[in-house]
Amino acid sequence: MDGETFVYDGRAGPWTCTISLLKADDVNFAAVGDIAFRGEHRCKLVLTRPGISVETGIGILKCRCIAWIEQAQLDDEEQTTLPT
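Conventions adopted
Residues numbered from 1 in each chain as written. Predicted model: local features only at pLDDT ≥ 70, side-chain atom pairs only at ≥ 80, totals over all residues. Heavy atoms only, no water. Helix = DSSP H or I, 4+ residues; strand = E, 2+ residues; numbered from the N terminus. Buried < 20%, exposed > 50% of the residue type's maximum accessible area, 1.4 Å probe, protein only. Contact = heavy atoms within 4.5 Å. Lys, Arg positive; Asp, Glu negative; His and termini not counted. Charge placed at Lys NZ, Arg CZ, Asp CG, Glu CD. Phe/Tyr/Trp six-rings, centres within 6.5 Å; stacked < 30°, edge-to-face > 60°. Lys NZ or Arg CZ within 6 Å of the ring centre and 35° of its normal. Pairing = 2+ DSSP bridges. Axes fitted to C-alpha atoms, helices over the stretch in contact; angles between N-to-C directions. Salt bridge = Lys/Arg side-chain N within 4 Å of Asp/Glu carboxyl O.

A.B. asks: Break down the overall build of the protein chain for me, with residues and values.
C.D. replies: When its secondary structure is counted, the protein chain shows one helix and four strands. Out of the 84 residues in the protein chain, the part that is buried amounts to 30%. Intrachain contacts of the protein chain at a sequence separation of at least 6 include 37% that bridge at least 24 residues. With 8 positive and 13 negative side-chain charges, the protein chain shows a spacing of 2 Å between the two charge centroids.

A.B. asks: Please set out the packing of aromatic side chains residue by residue, giving values where relevant.
C.D. replies: This model, assessed by the stated rule, comprises two aromatic pairs. Plain terms: the ring middles of W15 and W68 are 6.2 Å apart, the flat faces sit at 80° to each other, and that makes the pair edge-to-face. One end of the pair, W15, is in strand β2 (residues 13-21); the other, W68, is in helix α1 (residues 54-81), and 53 residues separate them in sequence. Through pairs of rings, three or more aromatic residues link up here, namely W15, F37 and W68. The side chain of K62 reaches across the aromatic face of F6, ending 5.1 Å from its centre.

A.B. asks: Outline the sheet that holds strand β4 (residues 40-50), listing residues and values.
C.D. replies: The strand order across the open sheet formed by four strands is β1-β2-β3-β4, and the pairing between neighbours is antiparallel. Edge positions in the sheet fall to β1 (3-10) and β4, since each of these pairs with one other strand and no more. Between one strand axis and the next, the sheet turns by 20° as a mean value, whatever way the strands run. Where β2 meets strand β3 (residues 28-37), seven bridges bridge the pair, whose relative direction is antiparallel. Among the inter-strand pairings, C17 is bridged to a residue of β3, identified as I35. Docked against the sheet, α1 engages β1, β2, β3 and β4, running at close to 145° with respect to β4.

A.B. asks: Account for the pairing of β4, naming residues and giving values.
C.D. replies: Each regular strand carries side chains that alternate between the two faces of the sheet. Relative to β4, β3 runs antiparallel, the two being bridged by ten bridges. Along β4, the bridge assignment pairs F29 with R49. Between β3 and β4, which pair antiparallel and follow one another directly, the connecting turn spans two residues, one of which, R38, has a positive phi of 55°.

A.B. asks: Quick rundown of the pattern of salt bridges? Include the residues and the values.
C.D. replies: For the coordinates displayed, the defined rule picks out four salt bridges. Put simply, K62 and E4 hold a salt bridge, and the shortest N to O gap is 2.8 Å. Of the two residues, K62 sits in helix α1 while E4 sits in strand β1, which places them 58 residues apart along the sequence. Relative accessible area serves as the criterion here: at 28%, K62 is assigned to the partly exposed category. A salt bridge links R42 to D76, with the nearest nitrogen and oxygen atoms 3.6 Å apart. Placement of the pair is R42 in strand β4 and D76 in helix α1, with a sequence separation of 34 residues.

What follows is the structure, encoded as structure tokens:
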């Protein structure tokens, strides 16, 4: 398994997240999650952890990507509702 891509349906529309595994030894996990919205790269998250499986690491990174998206949407909504 080299990683995976998933789509998260946020309030503003679909976000694409691509998780790619990085080189790590057999007892460590390392991966990067690239988050894009409407084809525009918005964030890169990196996760390194000792002693967890690839499946667990991908699950953790996927949750962090979703949390980042949710916060970004809240921030964007606040920006559009600020008085001018």
